[in-house]
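Given next are the chains, with one letter for each unit.
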Amino acid sequence: LCQVRYGQDKVLTRLNNTIEDMQLLVDTLLAIARNTTNTLSTEQRLLSHIIDELVSDLEVVSQAKGMTIDVQHPAQEQPRALYPSMTKMVLSNILRNALNYSQGSDIQVQDLSHAQLAVNAKGHGIGLQLVQKLCKQLGWRVELFDRQYYLSTHPTLALKNSSGLIVVVYLN
């Protein structure tokens, strides 16, 4: 309503992004507190579809920050048994944290194998602690690596050699 009345004001855009971040934080904390995976059932989904939805949802935020989210999908992806809402929550937290703390660098998302997903960017924040708790509930594992170290130990990855962090999510 405010954007219709006042147009695309930077302050309103920032306010809207903050509200969305707070809503995601509240939803994440409630999910952790409720341990909601006990009542959810998995669905066979392509992880790339979930990631593409999130990137589309975050396009306004990334454009406002002058950043891009580069997604590299596997050539022959197979559906996975996922909790769609929790998967979106985990990946959204990682991507929003990267957008908020990346200091203007681009974000790359790469499906490393059938059981790994890497997101890299500069930054840090409390979002990773929440992601770790959600991943633990899902039976997943998340690790944070120095980008240069990770690339030196994984030379086959087609990523730019720069500073920053890489977040790797190991799916069950």
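In the block above lies the structure referred to throughout.
The shown structure was predicted, so the numbers you read here are calculated from the model rather than taken from an experiment.

## What to know about the pattern of salt bridges
What the rule picks out here adds up to three salt bridges. Between glutamate 53 and arginine 45 there is a salt bridge, with the nearest N and O atoms lying 3.5 Å from each other. Counted as one network, the salt bridges with shared partners bring together Arg45, Glu53 and Lys88.

## Some remarks on the nonpolar core
Counting 32 residues, the largest nonpolar core has Ile69, Val90, Trp140 and Val169 as the members making the most contacts within it. Of all the secondary-structure elements, those providing two or more residues to this core are α3 (47-57), α5 (84-101), β4 (107-113), α6 (127-138) and β7 (165-170). The biggest single contributor to this core is α5, with eight residues. With residues up to four places along the chain from it excluded, the contact list for valine 90 reads Val131, Leu134, Cys135, Leu138 and Trp140. Residues Tyr150, Leu159, Ile166 and Val168 belong to the second largest nonpolar core, which totals eight residues.

## A look at the side chain of serine 62
Its location among the elements puts serine 62 in helix α4 (residues 59-64). The buried category is assigned to serine 62, whose relative accessible area is 6%.

What counts, and at which threshold
Each residue is numbered by its place in its chain's sequence as written, counting from 1. Note on the predicted model: pLDDT of at least 70 is required for a residue's local features to be given, and 80 or more for side-chain atom pairs to be given and counted; whole-chain, interface and lining totals, by contrast, use all residues. Derived side-chain values reflect all non-hydrogen atoms in the structure, with water molecules and hydrogen atoms excluded from consideration. Definition used for salt bridges: Asp or Glu carboxyl oxygen within 4 Å of a side-chain nitrogen of Lys or Arg. Within this scheme, the nonpolar core is defined by two criteria: the residues are buried Ala, Val, Leu, Ile, Met, Phe, Trp, Tyr or Cys, and they are joined through side-chain atoms within 4.5 Å. Burial classification: accessible surface area is computed with a 1.4 Å probe over protein chains only, and a residue below 20% of its type maximum counts as buried, one above 50% as exposed, and the rest as partly exposed. We count a stretch as a helix when DSSP gives it H or I for four or more residues in a row; a strand needs E for two or more, and each element gets its number in order from the N terminus. Contacts were defined at the residue level, with two residues in contact if any of their heavy atoms lie within 4.5 Å.

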